[in-house]
Amino acid sequence: MTRTSCGARGGGVRRRTTRARWRRSTAALICAALVATGCTPGDDDEPGKAGSVDSAAVEAVAKGLPDDPAQAAEQLVADILSDDADRSAAATAELLRRSGHAIVSAKGPVVAVPDQLAMVDAPVYAELVPLLARATRAGDRYSVEEFATLLTSVGLTEKDPTFAQLTAAIGNWAKEPGDNPVFVTAAAGVRALAAHRQQVFFPGADPASVFLDPLQTTLLLGHATSRFGEVKPGAKPQALGRPGLVDRLLGGGVAHADPAGPCGEFAAIFASPGDAAGKAHADFLKGELKDRLSKEFLTEGGKEAFDKANEAWGKAGAAASAILLMLGARLDLTADKSSTHFKHRAGTRDEHVTLTATALFDAGIALDKLECYALAGVDVPKPGPMKGMTVKWDSEQPLIGGYQKGGAQLLKAISADSAKFTRGSKTGDDGKATLEVKPPVEDPAGEGEELKGKALFIAKLDKESFPFELGDAYGFLSNAVGFGIGKTFDLLKEVLVKAGLPAQTITIEVKYHGADIILAQGSNEVNLLLAKLMDVHVDLVSCTGVAGPFKGTAGYAGAESSGMLQAAGAVTGVNVPKGFAGQDNEISVMTNDREGPNPFFIMKGEGGAQFLDGVLRFYPFLNTRFEVLADYRVGRPVGDVEILLGGSSFPFSDLSWPIVRVQEDPRCPKVKYSYDGL
């Protein structure tokens, strides 16, 4: 049974503030469940429709989940990433709860209690859960490097962990028999979120293509830094009772079991409230992320000072909560067209694309102030456009100069906007900042096949620029309750500046005429012990990229033998055709792009037996090396081609060569690209 009480309706994925009308008889109970985005009286009769969560929604996503914690986490992730905003928020709350995060209201009540084991230092505000779900679905991202800096900033490590260390730790986290279900759930959830983006955490992954969404960041930060305590048997969310300190909010009341008041209720869920972390014994902590991180850091050689975790307690919880609050700073990125084409003449603007980043603060929270726990005393900013924010721009796209001469990128900023990639651009009164980009001009226009490429653009609010003034929004009370973050305000400010805000991306399809020239060629002789095959070779070219078709020839030039060619072939398992003349065959290969090997037939041997075949393989990643070809052309490797003898690799001769991208080949159209002066 999921430990939740019912929750409030509130804001969600729509960029507007919503209000709910509360019935006095149920208002307090609903707010106490608060796995939602608001809990305040309103004038509207229409309840919030976007991202609202109540107990029925949480129970619905929990009902029927597999007993296996990893499988349950994977199913919850599917719900989190679904188009149903309400179900997404409920599934987010349930994944957090099963991962050890207590869900707490900003007003004090604990509204969702983990099973058996909970984080002492990382409760999650219920009011921010739908915001977290929304940002995760929207594709907000933090780089692994930014997360490494965050761990250092909160005091967990003395220096930033490397990409290899973090990805190895995450990839292998909580996979051992007997690991606590709390850790198995969190680890499986983090990996499942990545899998939905076709990402895998391992040291050899491309750092540019692997990132963390806000939910992954919340789970990893909590598990990397928090202490754990055993949950008191029978601990439940707070229930409806006599009027308390939230009367002015609800016009109803919430019962507060702890005489210290609503902000003391979180400690009451633990078996030993006075020393919650001290009660969690070693068996319960099997599979902790901190242990996995420590092992990975130590494998790098030097002694890493990893015993500073106590410095992160509270600070990391405050940082995580502040990061969630900052997710209210929405940066929506749009384009006036999703596809364009290289120019056929200079001076036109029809092919230009205008990107618009709109900065709004809309946390979907109907509270004015967070009164308890990590951000006690924080004033919640008002919703609306954010003027004067700095938007930083970046792009990831193929360098078409590697295809044919000229034109460095598919799309580049117009002259008037070129400085925006280095200095950023400020949002106006409407919260908008724009970037205009242009494609190059084809010369000659329309020559060759029509090809397609993709340009990814990234917009991010500058990490020195926040959706509100720190001095105002983080105006902590001098006698702050909860974790007393007022004492570490300077550190928290440093953490937030380094963590910054997540980025938004948009992809533009770009079509152009010309050639993307890929060569698969090589030759070598084959020693068959008693005979020799001269010049076994392949020479294929694709003018349309790795998808092909690859066309050309393959075969062998002849044989040298002491009269025992067939015997030599029999000994080595290669059925060489009779005769010594050799043979070339015309080859045409359509590939399946980067999905696995691409075999092709060259020729049969004696008696129709298998003799020469080939296979094309393409790298799943970008290779930055260069190869100098026999004719002194320079190419960038994109894969390899191999000739097989008798259906197998031949161990005594090297018959494998790199497949390379080159700028020109006489068999392909020659097109140049240049940018006009706009």
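One can find the structure itself at the top, above this paragraph.
On a predicted model such as this, the values are computed, not experimentally measured, just so you know. (Residues numbered from 1 in each chain as written. Predicted model: local features only at pLDDT ≥ 70, side-chain atom pairs only at ≥ 80, totals over all residues. Heavy atoms only, no water.)

### A short note on a nonpolar patch on the surface
Among the surface-exposed residues, F626, V628, Y632 and V634 lie close enough to one another that they form a single nonpolar patch of about 500 Å² accessible area. Along the chain, the position of V628 falls in strand 27 (residues 627-628). Given the relative accessible area of 60%, V628 is considered exposed. (Patch = residues over 30% accessible without salt bridge, like charges linked within 9 Å, V, L, I, M, F, W, Y side chains within 5 Å. Areas by Shrake-Rupley, 256 points an atom, 1.4 Å probe, with all protein chains shown as cover. Salt bridge = Lys/Arg side-chain N within 4 Å of Asp/Glu carboxyl O. Helix = DSSP H or I, 4+ residues; strand = E, 2+ residues; numbered from the N terminus. Buried < 20%, exposed > 50% of the residue type's maximum accessible area, 1.4 Å probe, protein only.)

### Details of unusual backbone geometry
Residue D443 is joined to P444 through a cis peptide bond whose omega torsion reads 0°. One can find P444 in the loop between strand 18 (441-443) and strand 19 (449-461). Residues G548 and P549 are joined by a peptide bond in cis, for which omega reads 10°. Residue A174 is not a glycine yet carries a positive backbone phi of 55°.

### Remarks on the packing of helix 4 (residues 85-98) against helix 5 (residues 129-137)
Describing two packed helices takes the angle between their axes plus the distance from one axis to the other. Their axes nearest at 8 Å, the elements helix 4 and helix 5 cross at an angle of 110°. In terms of orientation, helix 4 lies roughly perpendicular with respect to helix 5. In contact with A85, S88, A89, T92, A93 and L96 of helix 4, helix 5 contributes V129, P130, L132, A133 and R137. Residues belonging to the contact of helix 4 with helix 5 are distributed by class as follows: eight nonpolar, two polar and one charged. (Axes fitted to C-alpha atoms, helices over the stretch in contact; angles between N-to-C directions. Parallel < 35°, antiparallel > 145°, perpendicular 65-115°, else oblique. Contact = heavy atoms within 4.5 Å. Nonpolar A, V, L, I, M, F, W, Y, C, P; charged D, E, K, R; others polar.)

### Notes on helix 3 (residues 69-80)
Between the first and last C-alpha of helix 3 there are 16 Å, a value that for 12 residues agrees with the 16 Å anticipated at 1.5 Å per step. Considered for burial, the residues of helix 3 that qualify are A70, A72, A73, L76, V77, D79 and I80. Backbone nitrogen of A70 and a side-chain oxygen of the N-cap are separated by 3.2 Å at the start of helix 3; the cap is D68. (Expected span 1.5 Å × (residues − 1). Polar contact = N/O pair within 3.5 Å; in protein donor to acceptor, adjacent residues only side chain to side chain.)

### Some remarks on the state of the cysteines
According to the stated counting rule, one finds one disulfide in the structure shown. Across the disulfide, C543 is cross-linked to C668 (sulfur-sulfur distance 2.0 Å). Every disulfide takes its handedness from the sign of the S-S torsion; for C543 and C668 that torsion is -85°, giving left-handed. Taken together, the residues span a long stretch of sequence, with C543 in the loop between strand 22 (531-542) and strand 23 (550-561) and C668 in the loop between strand 29 (656-662) and strand 30 (672-674) at a distance of 125 residues. (Disulfide = S-S within 2.5 Å.)

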